[in-house]
Amino acid sequence: MEKIASFCVDHTKLDPGIYLSRVDGDIATYDLRFKNPNCPPFLSVPAMHTIEHLFATFARNSQWKDRVIYFGPMGCCTGFYLLLRGMKHTDAIALIQDMVKQAIEFTGDIPGVSEVECGNYMSHDLETAKKECVEYEKIIRNWTEQQLQYQE
């Protein structure tokens with residue numbers, strides 16, 4: 001069986017940051033790597049769940065909302081995937097930086113957190129999610145298009 005693209009990335013050389021995971025036609029998949037692989041502590045599930053709700057809401061309410069395909073967590077608890085259609089990489093980086101900033105500054109009720117709206121609505125942690133975003137913002141603050149490539 002052929003390996004999928006994300007399993008071909010050398011996770012021993014992967015640092016936190018923003019990476020271009022793959023391009024399929026006009027859809028780019030970005031790897032928002034918050035944590036070093038295989039190096040605890042990882043993102044907690046409640047914090048990841050909250051970041052997912054915040055980022056998905058922010059992206060789908062941004063000027064790029066019609067280009068957002070998907071935002072979701074990695075099962076390894078080290079980051080997220082963001083799929084965007086027809087965007088320049090520099091605009092994608094700016095969108096990611098903006099989502100992180102909005103999460104850090106967010107106050108109020110987490111979007112989509114009710115029994116009707118969410119399949120695990122009790123598993124959220126806004127305080128830890130914001131702390132994780134503060135750390136990630138330090139890493140990606142000056143990220144450039146040239147840094148999107150995985151290390152060989």
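Structure's up top.
About the criteria used
Residues numbered from 1 in each chain as written. Predicted model: local features only at pLDDT ≥ 70, side-chain atom pairs only at ≥ 80, totals over all residues. Heavy atoms only, no water. Buried < 20%, exposed > 50% of the residue type's maximum accessible area, 1.4 Å probe, protein only. Helix = DSSP H or I, 4+ residues; strand = E, 2+ residues; numbered from the N terminus. Pairing = 2+ DSSP bridges. Core = buried A, V, L, I, M, F, W, Y, C linked by side-chain atoms within 4.5 Å. Contact = heavy atoms within 4.5 Å. Salt bridge = Lys/Arg side-chain N within 4 Å of Asp/Glu carboxyl O. Axes fitted to C-alpha atoms, helices over the stretch in contact; angles between N-to-C directions.

Participant: Tell me about the pairing of strand E4 (residues 79-85), and name the residues and values.
Facilitator: By the criterion of burial, E4 is predominantly enclosed, with five of the seven residues buried. When strand E2 (residues 27-33) meets E4, the two strands line up antiparallel, connected through seven bridges. Bridging across to E4, Arg33 finds its partner in Gly79. The turn linking strand E3 (residues 68-73) back onto E4 is made up of five residues, and Cys77 within it adopts a positive phi angle of 65°.

Participant: Tell me about the nonpolar core, residues and numbers included.
Facilitator: Counting residues in hydrophobic clusters, the biggest one holds 41 residues, and the most contacted among them are Ile18, Tyr30, Leu32, Phe34, Phe55 and Ile96. Of all the secondary structure elements, the ones that give two or more residues to this core are strand E1 (17-24), E2, helix H1 (45-59), E3, E4, helix H2 (89-105) and helix H3 (126-140). The element contributing the most residues to this core is H1, with eight residues. Ignoring anything within four residues of it in the chain, the contact list for Ile18 reads Tyr30, Asp31, Ile93, Ile96, Tyr136, Ile140, Trp143, Gln147 and Leu148.

Participant: Tell me about the pattern of salt bridges, residues and numbers included.
Facilitator: The tally for this structure, following the rule as stated, stands at eight salt bridges. Residue Arg22 pairs with Asp24 through a salt bridge whose shortest N-O separation is 2.7 Å. On the basis of relative accessible area, Asp24 is assigned to the partly exposed category, the value being 36%. Among the salt bridges present, the one from Arg141 reaches Glu137, with a minimum N-O distance of 2.7 Å. According to the relative accessible area criterion, Arg141 is partly exposed, its value standing at 47%.

Participant: Tell me about the sheet that holds E2, and please be specific about residues and values.
Facilitator: Taken in spatial order, the four strands line up as E1-E2-E4-E3 in an open sheet, and their pairing is antiparallel. Looking at the sheet topology across the chains shown, the edges are occupied by E1 and E3. Across the sheet, the axes of successive neighbouring strands diverge by a mean angle of 15°, strand direction being ignored. The sheet contact formed by E3 and E4 spans five bridges and is antiparallel. Across the sheet, residue Phe71 finds its bridge partner in E4, namely Leu82. Its contacts with the sheet put H1 on E2, E3 and E4, and the angle it makes with E3 is roughly 170°. Sheet strands in contact with H3 are E1 and E2, and its direction is about 80° off that of E1.

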